[in-house]
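Report on the structure
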Amino acid sequence: MPFPIEEWYYEVPVITRVYVTSIFIATFACIKTISIIAEGVPEKRARELLWEAKEKKILIIGPATVGGIKPGCYKIGNTGGMMDNIVASKLYRPGSVAYVSKSGGMSNELNNIISRASDGVYEGVAIGGDRYPGSTFVDHMLRYQDDPSAKILVVLGEVGGDEEYLIAKAVKEGRITKPVVAWCIGTCAKMFTTDVQFGHAGSLANSARETAEAKNLALRAAGVIVPETFEELPEALEKVYLSLVENGTIAPFTEPPAPKIPIDYSWAQELGLIRKPASFISTICDDRGQELLYAGMAITEVLKEEIGIGGVLSLLWFKRRLPNYAAKLIEMVLMLTADHGPAVSGAHNTIVTARAGKDMISSLTAGLLTIGDRFGGALDGAAQAFSAAYDSNLTPQEFVDSMRKKHELILGIGHKIKSRTNPDLRVQMVKDFVLANFPNCDILKYAIEVEKITTSKKDNLILNVDGVVGVAFVDLFRGCGAFSREEAEEYIKIGTLNGFFVLGRSIGFIGHYLDQKRLKQGLYRHPWDDISYLTPEQEAMMTGTGSGAIGSGGRTLAAGALVVEHGTGA
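All values derive from a computational prediction rather than experimental measurement.

**Concerning the overall build of the protein chain**
Secondary structure summary: the protein chain contains 22 helices and 14 strands in total. Relative to its full complement of 570 residues, the protein chain shows a buried share of 44%.

**Concerning the sheet that holds strand β8 (residues 152–158)**
Pairing within the open sheet is mixed, and its 6 strands lie in the order β5-β4-β7-β6-β8-β9. In this open sheet, the two edge strands, each paired with only one partner strand, are β5 (74–77) and β9 (180–185). Neighbour-to-neighbour, the strand axes of this sheet turn through a mean angle of 10 degrees, independent of strand direction. Here strand β6 (residues 97–101) pairs with strand β7 (residues 121–126) via 5 bridges, running parallel. Along β7, the bridge assignment pairs Ser101 with Ala126. Packed onto the sheet, helix α8 (residues 233–246) meets β6, β8 and β9 and runs at close to 165 degrees relative to β8.

**Here's the deal with the side chain of Asp424**
Tracing the backbone shows Asp424 in the loop between α16 (396–405) and α17 (425–437). Asp424 sits in the buried class, given a relative accessible area of 6%. What Asp424 contacts, discounting residues up to four positions off in sequence, is His415, Lys418, Ile462 and Val465.

**Concerning the pairing of β6**
As a general feature of sheets, a regular strand has side chains that alternate between the two faces. Across the 5 residues of β6, 5 count as buried, placing the element largely inside the fold. The alternating pattern of β6 places Val97, Tyr99 and Ser101 on one face and Ala98 and Val100 on the opposite face, and all of these are buried. Handedness of the β-α-β unit built from β6, helix α4 (residues 104–117) and β7 comes out right-handed. For β6 and β8, the ladder comprises 5 bridges, and the chain directions are parallel. Within β8, the residue paired with Ser101 across the bridge is Leu156.

**Points about the side chain of Glu451**
Within the secondary structure, Glu451 sits in helix α18 (residues 442–457). For Glu451, a relative accessible area of 13% puts it in the buried group. Reaching out from Glu451, the side chain makes a polar contact with the side chain of Lys431 at a distance of 3.0 Å. For Glu451, the contacting residues outside a window of four places in its chain are Lys431, Leu461, Ile462 and Leu463.

**Re a nonpolar patch on the surface**
Nonpolar side chains collect at one region of the surface, where Ile263, Tyr265, Leu271, Leu273 and Ile274 lie side by side and expose about 450 Å² of accessible area between them. Take Ile274: it is sitting in the loop between α9 (265–271) and β10 (285–286).

**What to know about helix α2 (residues 43–55)**
Compared with an ideal rise of 1.5 Å per residue, which puts 13 residues at 18 Å, α2 spans 19 Å between its outermost C-alpha atoms and is within 8% of the ideal. If you check which residues of α2 are buried, you get Ala46, Leu49 and Ala53. Buried residues along α2 cover an arc of 65 degrees about the axis, so they all sit on one side. In α2, the exposed positions that point more than 90 degrees away from the buried face belong to Lys44, Trp51, Lys54 and Glu55. As for α2, its buried residues are in contact with α1 (18–25), β2 (33–36) and β3 (59–61). One or two residues past the end of α2 sits Lys57, with phi positive at roughly 55 degrees.

**Thoughts on the environment of Asp380**
Tracing the backbone through its elements, the reader meets Asp380 in helix α15 (residues 379–391). Accessibility expressed as a relative area gives 7% for Asp380, which makes it buried. Expressed as a C-alpha distance, the spacing of Asp380 and Tyr491, which sit 111 residues apart in the sequence, is 9.3 Å. With sequence-adjacent residues up to four places away left out, Asp380 is seen in contact with Ile492, Gly495, Thr496, Leu497 and Asn498.

**Overview of unusual backbone geometry**
Outside of glycine, negative phi angles account for most residues, and trans bonds account for most peptide bonds. A cis amide bond links Gly62 with the next residue in sequence, Pro63, at an omega value of 0 degrees. Its location among the elements puts Pro63 in the loop between β3 and β4 (67–70). We note that Ala295 has phi near 50 degrees; this positive angle belongs to a residue other than glycine. Its location among the elements puts Ala295 in the loop between β11 (293–294) and β12 (297–298). A relative accessible area of 28% places Ala295 in the partly exposed class.

What counts and how
Residues numbered from 1 in each chain as written. Predicted model: local features only at pLDDT ≥ 70, side-chain atom pairs only at ≥ 80, totals over all residues. Heavy atoms only, no water. Helix = DSSP H or I, 4+ residues; strand = E, 2+ residues; numbered from the N terminus. Buried < 20%, exposed > 50% of the residue type's maximum accessible area, 1.4 Å probe, protein only. Pairing = 2+ DSSP bridges. Axes fitted to C-alpha atoms, helices over the stretch in contact; angles between N-to-C directions. Contact = heavy atoms within 4.5 Å. Right-handed = clockwise from strand over helix to strand, strands pointing away. Polar contact = N/O pair within 3.5 Å; in protein donor to acceptor, adjacent residues only side chain to side chain. Patch = residues over 30% accessible without salt bridge, like charges linked within 9 Å, V, L, I, M, F, W, Y side chains within 5 Å. Areas by Shrake-Rupley, 256 points an atom, 1.4 Å probe, with all protein chains shown as cover. Salt bridge = Lys/Arg side-chain N within 4 Å of Asp/Glu carboxyl O. Expected span 1.5 Å × (residues − 1). Arc of directions from axis to C-beta.

What follows is the structure, given as structure tokens:
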């Protein structure tokens, strides 16, 4: 290893900071080699950086280098590719061949060729394809010449520049005595009628001397082993390797077992070999493709077919397209449940929270938290109660009697204001729609019969909005043909029907929030004259648990304008 690992610096900065960063790093005495991965470094900066590096005797690899590798020691940048390629090219242990290339992609090809035609790579560097690289071919070839472990040297040059001629000169002068196998790519340039700029900034022949063909001839004339074509490079390398084995320069060794290196996760996932355990499972929506899908239906189709909010809700809540009458019922329910005035508990909480200066989400949440069996959340309970009674073959009278014996309220029955003589028109509209459009109305008809019995006892024990919506959806689930009986029961059990009330009433709660903000209403404080204040003594007197002498504690009781002092003997 030519440089201890602490003498390397490997950087991948943005282009605009390459020069400043590299100059700064070069001030540290321990730094002997800097590898610059960044591409697009201005040529002026590259020349300045090269001059500074020579002054400080620092070797620069790059700019625009893919990195380098010394099997068994280290790897810089993306040289060698992913783990499976590193194993396939035997880059986990050192061989006898050292190479230098401009191209990062072709350096990986060299790794493969060398592993097949010899005992493997000893060291490899890609110097980058810019016009002014920080280090040249000959810099690294001379380094390999001085390293006794590097037995064969390989150079992969290219069209443009004249660095390969420096290698030919070094071989002629005897500065490089080890076998050199070389090839300059870009011989196809002669097939074009005009000059061709290949992929690298420096891969353009500005004269006949800089063509790949001329450089291959010059290298061959200097004694470098240059095949006739690139395809013959592995064969030429193998001949050199076998000859060195035969004369004892290279001692064959028993191939160590390849290390068990896990395949790169992203690559294995792309190949479909593994899957990551999902943190979430989503079956209603898919945003991974070109456009959003609602239960498999493209969002553009949702808009084109004008399925409305009822259709969208059927896709996202039930994962299927429901009949038009079902979507119409959904929209009707959302409209009917959107609001019921500012006096109900949910709207009241929303208004109080908004006037306390809280944001929309906090105000909406305050209102939603009041929803339950007593306020708006009885849809699921009503659906379960009526359907269970119907499925148990109870007559409407038997159902009412059984609930009375258990001292339980029938969810979905009863209203504070509306009655048989003052009907709730919302309920009547839902009844009429279901009876006119649904193929099956058994549960609704059963609930209507129960209503006849309850209103005969008390006029306001009518089928309310919760009740009629709950039983309507039971009939929808069971009769529309889109659900199995088990699915219908599950949707009721998991709170789906209450979701309609939550969604609908959220519209009204947001409206109340916006109304209060628009009116710039201040902090709400409940008036004291609307509160009954009971002292412990008054509470005891009202419940009949007092001892008769209410002033034994020496406290003062205020009752209107009368003040009675206790414990004075008066």
